[in-house]
Amino acid sequence: MPSASRRFAVLLIFAGVALTILYFSGYSDTIDSVGAQLRPASKEATQQPIVVEDSILHGHAIAPKLGNETAKAELGRAAWKLFHTTFARFPDKPTKDESRALKSYIHLFQRLYPCGECATHFGELLQKYPPQVSSRSSAAAWGCHVHNKVNERLKKELFDCSNIGDFYDCGCAEDEKEGGTKAQGKAETS
Ligand SMILES: Cc1cc2nc3c(=O)[nH]c(=O)nc-3n(C[C@H](O)[C@H](O)[C@H](O)COP(=O)(O)OP(=O)(O)OC[C@H]3O[C@@H](n4cnc5c(N)ncnc54)[C@H](O)[C@@H]3O)c2cc1C
Ligand SMILES: *[C@@H]1O[C@H](CO)[C@@H](O)[C@H](O)[C@H]1NC(C)=O
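Residues numbered from 1 in each chain as written. Chains lettered and ligands numbered in written order. Predicted model: local features only at pLDDT ≥ 70, side-chain atom pairs only at ≥ 80, totals over all residues. Heavy atoms only, no water.

(A) Seen up close, the state of the cysteines. The full count for this structure, using the stated rule, is 2 disulfides. Across a sulfur-sulfur distance of 2.1 Å, Cys115 and Cys118 are joined as a disulfide pair. Judged by the sign of its S-S torsion, about 70°, the cystine formed by Cys115 and Cys118 is right-handed. Look at Cys115 and you get buried, because its relative accessible area is 0%. For Cys118, a relative accessible area of 22% puts it in the partly exposed group. Each sulfur of the disulfide joining Cys144 and Cys161 lies 2.0 Å from the other. Handedness of the Cys144-Cys161 disulfide follows from its S-S torsion of about -90°: it is left-handed. Here Cys161 lies in the loop between helix 7 (136-153) and helix 8 (164-167) and Cys144 lies in helix 7, a separation of 17 residues in the sequence. By relative accessible area, Cys161 is classed as partly exposed at 28%. (Disulfide = S-S within 2.5 Å. Buried < 20%, exposed > 50% of the residue type's maximum accessible area, 1.4 Å probe, protein only. Helix = DSSP H or I, 4+ residues; strand = E, 2+ residues; numbered from the N terminus.)

(B) Quick peek at the site of ligand 1. With respect to spatial proximity, 23 residues lie near ligand 1, and among them Arg77, Cys144, His147, Arg153 and Tyr168 are the closest. Take His147: an N or O atom from its side chain is 2.8 Å from an oxygen atom of ligand 1. A distance of 2.9 Å is found between a nitrogen atom of ligand 1 and a side-chain nitrogen or oxygen belonging to Asn151. Summarising the interface, the protein chains cover 82% of the accessible area of ligand 1, which totals 950 Å² for the free molecule. Structurally, ligand 1 is housed in the largest pocket. Looking at the shell around ligand 1, the elements that each hand over two or more residues are helix 4 (69-88), helix 6 (116-128), helix 7 and helix 8. At 7 residues, helix 4 tops the list of elements feeding residues into the shell around ligand 1. Along the lines of polarity and charge, the residues of the shell around ligand 1 split into 13 nonpolar, 6 polar and 4 charged. (Near = heavy atom within 4 Å. Polar contact = N/O pair within 3.5 Å; in protein donor to acceptor, adjacent residues only side chain to side chain. Areas by Shrake-Rupley, 256 points an atom, 1.4 Å probe, with all protein chains shown as cover. 1 Å grid on protein atoms, 1.4 Å probe; cavity = no way out; pocket = protein on both sides within 12 Å on 5 of 7 lines; lining within 4 Å. Sits in = over half its atoms within 2 Å of the grid points. Nonpolar A, V, L, I, M, F, W, Y, C, P; charged D, E, K, R; others polar.)

Written as structure tokens, this is what we have:
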């Protein structure tokens, strides 16, 4: 065989092998993505730390506009309940890690809040009034304050924040001793 056509033959074989590899790796990727939800995460995957960067915490509001006023009000009542109860059960003396977790949570709560226009307004409030996460009482007082800012804008009655401690005591303080991962202070209101 002349050397030119031999080179061509070698090239063809290479191309064939490369295409075959490409095809099968693509195929196994498809299988992977389908099976991924069913299989437990690999050890390697669970060891990947989740790093919540500042740009993720402070980005634009993600959800679209929520035009339905009934749905918006229902969502609001449920969200405020979750928000204030979270603060009412936050530790009196949180660790640095716990305070950072709460702060990140509040910022992600804002970004992902399912009413886009609400989230945009709330983002402005967070800029003006940064989350207070150094203790249960400061978080609860901060939550009451920003909720009142929303009430004010929507021309609603303001809430008396000196009542906040009693109002969101869910009566579940005793569960902490059994179910909690770490014993926390009791739900004292001062
Ligand atoms: C982050 C966020 C942003 C929102 N932005 C908008 C918006 O831009 N436009 C819009 O139309 N709706 C918005 N909403 C919804 C709105 O705040 C109300 O939830 C909704 O209008 C229903 O109002 P409501 O009168 O039933 O009482 P809510 O304001 O839902 O309050 C529920 C209950 O919480 C108690 N409460 C009231 N004030 C306080 C306070 N300061 N601290 C603690 N407890 C209190 C009262 O018992 C009240 O009945 C938002 C909700 C959230 C969570
Ligand atoms: C608005 O939302 C409420 C509560 O979710 C729902 O029952 C109602 O059907 C919605 N209205 C429209 C026009 O979609």
